[in-house]
Structure formats: C-alpha cells, structure tokens
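# Report on the structure
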Amino acid sequence: MDDKRIAVIYGYYERDKIYIDNLNFFLSHGYTDDKNFMFVFVVNGESTVSFPTNENVKVIFRENSNYVFAQYNCGARWLEENNIMCDYYVYINKKLIIT
C-alpha cells in the first residue's frame, strides 16, 4: 500500500472506564505516526484521554448530539474542508472492544 492515504475516523464518547480503556488500547496499538495515515478523533463531550499531537492527528470536540453517524460525518467533513483526500476510510466506534 505504498503511497496510499488512509483516513481513520474514531468516534468517541467518554462514558466509562471501558470506553477509556478501548481508546487507550487503540492509541497504543492502532495509532501510527506514519504520514500515509490521517487520524481524526471526533469526541462528543469532554475527554480525559491524552491524544497524540503529531501532524497526522486532528481531535475535534463537539456537543454530544446525533451520536455515531454525526461523528463520522463531522470527521469526513473536516477531511474534505482541509483538502485531505484519502484512498481508504476506516470508521471506528468507541464501543469496539479489543481483547
């Protein structure tokens, strides 16, 4: 996948420790600072999690309304508004449980 751009939009809401643990696991094992990846974290409400501050990361805080599909739409719109075109788009939800 040389030179293929991949956008990862992660919809997050900090409801409880499970959601926090899921995001922290993803940040530890799924995040990369590879320039071919663009990570957009769309956070409904507030968060106590520390996000990477690299150039391939955007964190968007928004009101907790319209939930998951609105988060994905918000992330996709941000990519479009910033002329970040990708070959692949991955959408991840905070309820994803990795064991």
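Structural notes, computed from the coordinates. (Residues numbered from 1 in each chain as written. Predicted model: local features only at pLDDT ≥ 70, side-chain atom pairs only at ≥ 80, totals over all residues. Heavy atoms only, no water.)

### A look at the overall build of the protein chain
- Each helix and strand counted, the protein chain has two helices and four strands in total.
- Listing every helix and strand of the protein chain by position from the N terminus yields β-α-β-β-α-β.
- Expected size for 99 residues packed as a compact globule is a radius of gyration near 13 Å; at 13 Å, the protein chain falls within 12% of this value.
- Dimensions of the protein chain, computed from the C-alpha atoms along their principal axes, are close to 35 × 30 × 20 Å.
- In the protein chain, buried positions account for 41% of the 99 residues.
- Counted over contacts in the protein chain with a minimum sequence separation of 6, partners at least 24 positions apart contribute 59%.
- For the protein chain, the computed accessible surface area is about 6,200 Å², with 50% contributed by carbon and sulfur atoms. (Helix = DSSP H or I, 4+ residues; strand = E, 2+ residues; numbered from the N terminus. Rg over C-alpha atoms; globule rule 2.2 N^0.38 Å. Buried < 20%, exposed > 50% of the residue type's maximum accessible area, 1.4 Å probe, protein only. Contact = heavy atoms within 4.5 Å. Areas by Shrake-Rupley, 256 points an atom, 1.4 Å probe, with all protein chains shown as cover.)

### Side note on the side chain of Asn36
- Mapped onto the secondary structure, Asn36 falls in the loop between helix 1 (17–29) and strand 2 (37–44).
- For Asn36, a relative accessible area of 16% puts it in the buried group.
- Beyond its immediate sequence surroundings of up to four residues, Asn36 is in contact with Asp3, Lys4, Arg5 and Ile6.

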